[in-house]
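Breakdown of the fold
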Amino acid sequence: MTDLVYEAARFSYPESDAAALDCVDLRIGAGELVLVAGGSGTGKSTLLRAACGLVPHASGGRFGGDVRVGCRSTRDVMPRDLAGTVGFVHQDPEAAFVVDRVENDIAFVLENLGLDAASMRRRVEEVLDALDIAALRNRAPSSLSGGERQRCAIAAALSAGPAVLVLDEPTSQLDPQGAEDVLAALSRLNHDLGTTVLLAEHRLDRAAPLADRALVMESGSIAADGEPGAVLAGYAGAPAVTRLGQLLGWTPPPLTVKAARAHVAAADPLALATPAPVPHQHGDVAIAARRLGARAGQTVVLDDVDLEVREGEVVALLGRNGSGKTTLLRTLAGLAGPSHGKVERHARTAYVPQDPDLIFSAPTVRAELEATLRLLGRRDADAVDSWLARLGLTSAAQRHPRSLSGGERQRAGVAAVAVGGAPVLLLDEPTRGMDAPSRDALAACIGDHSASGGSVVLATHDVELAARVAHTAVVIGGGDVVANGTARDVLSGSLFAPQVLRVLPPFLTVDEVAGAVTTAEAGT
Amino acid sequence: MGAVRRERLHALTWATWALAALVCVQLAPNPLYVVIVVAISFLIVEVHGGRSPLARAFPYLVLLSLGFVVVKVVINGLTVHADGAGLFVLPSFTVPSWLGGYPVGGPVETAVVLRAATEGFVVVGVVAAFAAFNAVVSHYELVQMAPRAFHEPGLVVVVALAFVPSVVGAALAVREADRARTGGVVVRRGRLVRLAVPVLERGMEKALALAESMDARGFGRASAGSAERVAAWCGVAALGALAAAFLALLGQARTVGFALGGVAAVLLASAIVAASRASTRTRYRPRRPRTADWLVIAACLAAPALLAYLRATTPALLLWDLSPPLRAPAFAPLAAVAFALLLAPVAVPVSGPDPWSVPAVPARPGPEPEPEPEPEPEAVR
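Model, not experiment: these values are computed from the prediction.

1. Thoughts on the overall build of chain A
A count of helices and strands for chain A gives 19 helices and 19 strands. Its C-alpha radius of gyration of 24 Å places chain A within 12% of the 24 Å reference for a compact globule of 524 residues. In chain A, the proportion of contacts linking residues at least 24 apart, taken out of those at least 6 apart, comes to 68%. Working note: accessible area of chain A is about 18,700 Å², and carbon and sulfur atoms make up 49% of it. When the 48 positive and 63 negative side-chain charges of chain A are each reduced to one mean point, those points stand 3 Å apart.

2. Let's talk about the domain arrangement of chain B
When its domains are assigned, chain B resolves into domain 1 (11-148 + 285-347) and domain 2 (232-278). When each unit is reduced to the centre of its C-alpha atoms, the spacing between domain 1 of chain B and domain 2 of chain B is 35 Å.

3. So, helix α1 (residues 11-27) of chain B
Residues and elements named next belong to chain B. In this model, α1 (17 residues) spans 24 Å end to end at C-alpha, consistent with the 24 Å of a helix rising 1.5 Å per residue. What α1 keeps buried is the set A11, T13, W14, T16, W17, A18, A20, A21, C24, V25 and L27. Residues of α1 that are buried sit in contact with α2 (31-49), α4 (110-136), α5 (139-145), α10 (291-313), α11 (333-340) and α12 (344-347).

4. Let's talk about the packing of α2 of chain B against α4 of chain B
The relative placement of two packed helices is expressed as an angle between their axes plus a distance between the axes. Residues and elements named next belong to chain B. In contact at an axis separation of 9 Å, α2 and α4 are set at 15 degrees when each is read in the N-to-C sense. Our classification of the angle between α2 and α4 gives roughly parallel. In this structure, α2 crosses over α4, and the sense of that crossing is left-handed. Here P31, V34, V37, V38, S41, I44, V45, H48 and G49 of α2 lie close against α4, whose contacting residues are T118, F121, V122, V124, G125, A128, A129, A132, A135 and V136. Among the residues forming the contact of α2 with α4, the class breakdown is 14 nonpolar, five polar and no charged.

5. Some remarks on the interface of chain B and chain A
Interfaces are often described in size by the accessible area the parts lose on coming together. With 67 residues of chain B at the contact, the number on the chain A side is 95 residues. Of the roughly 7,500 Å² buried between chain B and chain A on both sides combined, carbon and sulfur atoms contribute 52%. Counting the contacts that link chain B with chain A gives eleven salt bridges. Residue E201 of chain B is joined to R402 of chain A by a salt bridge in which the shortest nitrogen-to-oxygen separation is 2.4 Å. Counting across the chain B and chain A interface gives 27 residue pairs in polar contact (both at pLDDT 80 or more). Breaking the side of chain B that touches chain A down by element, the ones donating at least two residues are α5, α6 (151-181), α7 (191-216) and α13 (377-380) of chain B. Of the residues forming the side of chain B that touches chain A, the biggest block, 15 residues, is contributed by α7 of chain B. Among the residues forming the side of chain B that touches chain A, the class breakdown is 33 nonpolar, ten polar and 24 charged.

6. Observations regarding the sheet that holds strand β16 (residues 424-428) of chain A
All names here are of chain A. With respect to topology, six strands assemble into an open sheet ordered β15-β16-β17-β13-β18-β19, the strand pairing being mixed. Unpaired on one side and paired on the other, β15 (349-352) and β19 (480-486) mark the two borders of the sheet. Here the average twist between neighbouring strands, direction ignored, is 15 degrees. Note that strand β18 (residues 472-477) and β19 share six bridges and pair antiparallel. Bridging across to β19, I476 finds its partner in V481.

7. Concerning the domain arrangement of chain A
Residues and elements named next belong to chain A. Domain assignment breaks chain A into domain 1 (4-238) and domain 2 (312-327 + 347-504). Computed from C-alpha coordinates alone, the two centres of domain 1 and domain 2 are separated by 30 Å. Across the contact, twelve residues belong to domain 1 and 13 residues belong to domain 2. Carbon and sulfur atoms make up 53% of the area that domain 1 and domain 2 hide from each other, which totals about 980 Å². For domain 1, the biggest contributors to the area lost against domain 2 are S40, D175 and R203; these three give 41% of the whole. Linking domain 1 with domain 2 are one salt bridge. Connecting domain 1 to domain 2 are two residue pairs in polar contact (both at pLDDT 80 or more).

8. A few points about the pairing of strand β10 (residues 221-226) of chain A
Residues and elements named next belong to chain A. Where strand β9 (residues 213-218) meets β10, five bridges bridge the pair, whose relative direction is antiparallel. In the strand pairing of β10, A214 is matched with G226. Two successive antiparallel strands, β9 and β10, enclose a turn made up of two residues, where S219 displays a positive phi of approximately 35 degrees.

9. Quick notes on unusual backbone geometry
With omega at 10 degrees, the peptide bond leading from V55 of chain A into P56 of chain A counts as cis. By the secondary structure assignment, P56 of chain A is in helix α2 (residues 54-57). A cis geometry characterises the amide bond from T251 of chain A onward to P252 of chain A, with omega recorded as -10 degrees. Along the chain, the position of P252 of chain A falls in the loop between α9 (240-248) and α10 (257-266). Its identity is not glycine, yet R291 of chain A carries a phi of approximately 45 degrees, on the positive side. For R291 of chain A, the location among the structural elements is in strand β11 (residues 285-296). With a phi angle near 65 degrees, Q252 of chain B is a residue other than glycine that sits in the positive phi range.

10. Quick look at the nonpolar core
Formed by 56 residues in total, the largest nonpolar core has its most connected members in L318, L369, W387, L391 and L427 of chain A. Formed by 53 residues, the second largest nonpolar core is a distinct cluster that contains L35, A211, A214 and L232 of chain A.

11. Observations concerning the sheet that holds strand β6 (residues 86-89) of chain A
Residues and elements named next belong to chain A. Spatial ordering of the open sheet is given by β6-β7-β8-β3-β9-β10, a layout of six strands whose pairing is mixed. In this open sheet, the two strands that pair with only one neighbour each are β6 and β10. Neighbour to neighbour, the strand axes of the sheet diverge by 20 degrees on average, direction disregarded. Direction of pairing for β6 relative to strand β7 (residues 164-168): parallel, over a ladder of four bridges. Each bridged residue has a counterpart across the sheet, and for V89 the counterpart in β7 is L167. Across the sheet, helix α1 (residues 44-51) touches β3 (33-37), β6, β7, β8 (196-200) and β9, and the angle it forms with β7 is around 150 degrees. Along the sheet, helix α5 (residues 146-158) makes contact with β6 and β7, crossing β6 at roughly 160 degrees.

12. Some remarks on the pattern of salt bridges
Summed over the entire model, instances satisfying the criterion amount to 43 salt bridges over all chains. Residue E7 of chain A pairs with R68 of chain A through a salt bridge whose shortest N-O separation is 3.3 Å. With a gap of 61 residues between them, E7 of chain A in strand β1 (residues 4-12) and R68 of chain A in strand β4 (residues 62-69) connect regions that are remote in the sequence. For E7 of chain A, a relative accessible area of 37% puts it in the partly exposed group. Close ionic contact of D178 of chain B with R191 of chain B constitutes a salt bridge, the shortest N to O distance being 3.9 Å. Taken together, the residues span a long stretch of sequence, with D178 of chain B in helix α6 and R191 of chain B in helix α7 at a distance of 13 residues.

13. Some remarks on helix α15 (residues 436-451) of chain A
Residue and element names in this part refer to chain A. Taking 1.5 Å per residue, 16 residues should reach 22 Å; α15 reaches 22 Å between its end C-alpha atoms and fits that length. Those residues of α15 lying buried are A436, S438, R439, A441, L442, A443, C445, I446, H449 and S450. Elements in contact with the buried residues of α15: β13 (314-318), α13 (381-390), α14 (406-418), β16, β17 (455-459) and α16 (463-469). Directly beyond the C-terminal end of α15, a positive phi value near 95 degrees is found at G453.

Cut-offs applied
Residues numbered from 1 in each chain as written. Chains lettered and ligands numbered in written order. Predicted model: local features only at pLDDT ≥ 70, side-chain atom pairs only at ≥ 80, totals over all residues. Heavy atoms only, no water. Helix = DSSP H or I, 4+ residues; strand = E, 2+ residues; numbered from the N terminus. Rg over C-alpha atoms; globule rule 2.2 N^0.38 Å. Contact = heavy atoms within 4.5 Å. Areas by Shrake-Rupley, 256 points an atom, 1.4 Å probe, with all protein chains shown as cover. Lys, Arg positive; Asp, Glu negative; His and termini not counted. Charge placed at Lys NZ, Arg CZ, Asp CG, Glu CD. Domains from an automatic or database assignment. Expected span 1.5 Å × (residues − 1). Buried < 20%, exposed > 50% of the residue type's maximum accessible area, 1.4 Å probe, protein only. Axes fitted to C-alpha atoms, helices over the stretch in contact; angles between N-to-C directions. Parallel < 35°, antiparallel > 145°, perpendicular 65-115°, else oblique. Left-handed = near helix turned anticlockwise from the far one by under 90°. Nonpolar A, V, L, I, M, F, W, Y, C, P; charged D, E, K, R; others polar. Buried area = accessible area lost by both parts, 1.4 Å probe. Salt bridge = Lys/Arg side-chain N within 4 Å of Asp/Glu carboxyl O. Polar contact = N/O pair within 3.5 Å; in protein donor to acceptor, adjacent residues only side chain to side chain. Pairing = 2+ DSSP bridges. Core = buried A, V, L, I, M, F, W, Y, C linked by side-chain atoms within 4.5 Å.

As structure tokens, this is what we get:
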């Protein structure tokens, strides 16, 4: 059997003194599905890349100790020669395709390994079935959806029949449906083929229940290792139900809504005061869509959408992929023209695109914020400092935007746009690929902005974020508004409910429950 | 539904077509015939190109080459003077002697303008044929056809080509993000830097990610050492022989020069054979040309053959004589038939879905609101 063994593995990147891996000792047995959790920049990616030899062979840097796959050490073997033993899947599925046809792309590694025609043919068919992508075999990767693309990338890594499959945040760029498909496929591979899976993730709601074992990394070393429930209970990025279990002292901490419900049923009824509806005093209308329609080519994307956003209001736009959330935001921002209806703008808007990398052109984060002010013909250093502080980027101010981790980049993107002082912020999927501290910082910043009279519209798949920050939730589907109301009402009545609401209605977030528990204890 | 393979012509067929079209344009550099070649290229892209990014780029490439014609006509019209009949007269001046000291402007002559336009049109024909070839061919198949020694450099070119559309997409997105940043105000100062830097940096990051992915998928694995060394020495010897042949030719020793050139060719060929032997790569499902492919190849080869015959016997039918008195360009039905042979690929029916188009109906109609995923371990274990 092929075990993956790290022995006192140490590594630091070139031109950096900080250890990305700090004396890691780890043994991953054949057939395990191991989840690697941890904030951005804690060494998850490095740990994963060390397993397939990309660290140190492709990255450079100083490497100490040993990483062995089976009996081969990555010190002596190049990544390309490990191709048949360790498969690697990149975070960005777009960057992984070599051939413009799925079937040939899957066969690419087999051609490199020099397999004979008959075995290649058989392997490709097996992998197409294993990942349920046989229908996509003739398609060009660029025409696929994110989830499909990521499954094809996994197939391409898997076709060589590796004993270990290493995936670096494979679902962070995907919508919930795509992420679900990818994780289900991974679990199936692990069960049916016995492939060892080493998986790094930020969003653990879906991944944690599938794992046999979880690791939490902190500054280059392994802080916790063991049963996923026990390990994740103390971790800030844990699923909401796990943190709820931790708060209410359930053992073992649940990983799924189902397990949490069992705890609720078994425990004494909790005497918690229901959260009082917080009265929101919103100001005048800041931006409104009136019978708004939009098209993309011949397709009608939005049809008769009515939406009002008031000063101080935070609106969450929910809806499946392709339901028109992004189009609505772009139309509100004036980047796309409406096909009919109109947008009433009573305040300036600023739009943060899904991919913040698109705007980074300055050498440091601070210069990036200053550039926005310069573009607007303004010059106030206070705004720069206050936005850096609000988004927790003060320590990263002098770093190059592209040297930041995923979550920091997203925050820097928000800061670079918001610093312009537009009262209406339009955020498109701002928590994509974000770790827990980044999500907290973003949520706090949205709260601040709304408290100071600004409005925020965020399109998101992240219902936990919506539950935390939104006053109003709007569900978009089939081109128009399906539901529009207070966040609690809209989220309660639908399948969009956050985890806590499903376990302990009518609470939306762990923080609300914590507040109620404190009040109840103070009362007794 | 997507499992039906799109029947497409073999890369060999398309390579033959492109070569035939290029030779035809060169044999009959007459604007009328060039228009025919451009029209045929357009039809080929329409029928066989589908929604591939390079097919969508086809009209822009042709427009770009037309722009080149305009520039060429203007420059030639202003600077070339042959004492022929003038179209009109412009004020004239002489550029300073350190720039060449030739006259610019003055009489713009009909023959000069027409000659420049005719020459430019040949370039349009060449660009159209080449762009159509790139729009319809599978570059990966093309690389797989080449000797194995060329596989790695060829694949690098293919990957680079695949980057072009994604760069265009990124450039559009960056432009929009730049506008969004200021709430719709377009600031022109320093805009180029703000637009170029993200596209370049992104391209760099993508390239690094792709390099990692290719490395992890076994690209460039160490091959058998001895055969590769033989190939390298053969290559070095071939270069040496070529250099010696060059020197011999300079020194008027023609026999020696040609002999050395022959030796160099043999050495180069054996280097390619040896390097191909050294590669342990195999090929997944290589396609063989079908009957339709052979028929199209035959038709495509007949076209330049017919034109070459015409050019040898009655060149006036193919060329446009611009000497006065000015006549309309010649148009021979037989030449038109030759060009029509280049339409052969259009006659091959296209079946199966276009790999580049996104199906209009989502593959899996989801429930009305997207369910917040709630993992049920029982369901997957």
